[in-house]
Amino acid sequence: MPYDHRQYDPLWLEKIRPDILKRDNYHCSFCGVPHKSYIHRERNGKWYQIPIADLEQEKSLKVKIVRIILVIAHMDHNIKNNDYNNLRALRQRCHLNYDRPIHKVLRKATFAAKRRQLRLFVVEPKKQKQNKSKTEA
Ligand SMILES: [Zn+2]
């Protein structure tokens, strides 16, 4: 889901987000990776944490390092439902995987809406052609 604070509860940043991070012990609820940690992720999806002290050395070895910033996810995908039971601290990757099925649905809906708009603005003047063409999927 695109991250837009304006759609969120006004207490999101100052209260809800910190509360959930604390409740979930600053770890991803799905995979357990710690908040603000540095990790290296292997191709098979396994990850290991890189101690801050080793960061420079790992970087010099060209190890790909990802910094983890946990996000708060809505388990029912409804950003208005800020019941704490509906919220989980997740890392980006886990959040995206969790949301993937609904992203597909949204992408389709957005695409269909855009196409309808295009038809209004672009195809409308050529009504003759419009009638012949098969634009409906
Ligand atoms: Zn995770």
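Residues numbered from 1 in each chain as written. Predicted model: local features only at pLDDT ≥ 70, side-chain atom pairs only at ≥ 80, totals over all residues.

Counting its secondary structure elements, the protein chain contains four helices and five strands. When its helices and strands are written in sequence order, the protein chain yields α-β-β-α-β-β-β-α-α. Counting across all 137 residues of the protein chain, residues that qualify as buried make up 10%. Nonlocal contacts in the protein chain, meaning residues at least 24 apart in sequence, comprise 48% of its contacts between residues at least 6 apart. (Helix = DSSP H or I, 4+ residues; strand = E, 2+ residues; numbered from the N terminus. Buried ≥ 20, exposed ≤ 12 C-beta atoms within 10 Å, placed from the backbone. Contact = placed C-beta atoms within 7 Å.)

Moving on, we get to the sheet that holds strand β3 (residues 66-67). Strand order in the open sheet formed by three strands is β2-β1-β3, with antiparallel pairing between adjacent strands. The sheet is open, and its two edges are formed by β2 (47-49) and β3, each paired on a single side. With three bridges joining them, strand β1 (residues 38-41) and β2 adopt antiparallel strand pairing. Bridge assignment links Ile39 to a residue of β2, and that residue is Gln49. (Pairing = 2+ DSSP bridges.)

Residue position: Gln92 is located in helix α3 (residues 92-123). Looking at Gln92, the number of C-beta atoms within 10 Å reads 14, which means it is partly exposed. Separated by 24 residues in the primary sequence, Gln92 and Ile68 have C-alpha atoms spaced 7.8 Å apart.

Turning to the confidence of the model for the protein chain, a few remarks are in order. The predicted coordinates ought not to be read in detail in places where the model reports low pLDDT. The share of residues in the protein chain with pLDDT of 70 or more is 82%, and the mean pLDDT across the chain is 84. Mean pLDDT values for the elements of the protein chain range from 53 in helix α4 (residues 127-132) up to 98 in strand β5 (residues 87-90). (pLDDT = per-residue confidence, 0-100.)

Each regular strand shows side chains that alternate between the opposite faces of the sheet. Where β1 and β3 come together, two bridges link them in antiparallel fashion. Its bridge partner lying in β3, Ile39 is registered against Val66.

Turning to the nonpolar core, a few remarks are in order. Note on soluble globular proteins: their nonpolar side chains tend to be buried together. Ile20, Cys28, Val33, Leu70, Ile72, Ala73, Leu87, Ala89, Leu90 and Cys94 together form the largest nonpolar core, which totals 10 residues. Contributions of two or more residues to this core are made by β4 (71-74) and β5. Broken down by element, this core gets its largest block of residues, three residues, from β5. Excluding residues within four positions of it along the chain, Ala73 makes contact with Arg88, Leu90, His95 and Tyr98. (Core = buried A, V, L, I, M, F, W, Y, C linked by C-beta atoms within 7 Å.)

Structurally, Tyr98 can be placed in helix α3. On the basis of neighbour counts, which here come to 17 C-beta atoms within 10 Å, the residue Tyr98 falls in the partly exposed class. C-alpha separation for the pair Tyr98 and Phe30, spaced 68 residues apart in sequence, amounts to 9.7 Å. Not counting residues up to four positions away in its chain, the partners in contact with Tyr98 are Ala73 and Leu90.

With that settled, consider unusual backbone geometry. The phi angle at Tyr26 is positive, at roughly 60 degrees, despite the residue not being glycine. Position of Tyr26 relative to the elements: it lies in the loop between α1 (12-23) and β1. Look at Tyr26 and you get partly exposed, because 13 C-beta atoms sit within 10 Å. Phi is positive for Lys62, which is not a glycine, with a value near 60 degrees. With respect to the helices and strands, Lys62 occurs in the loop between α2 (55-60) and β3. Judged by C-beta crowding, with 7 C-beta atoms within 10 Å, Lys62 ranks as exposed.

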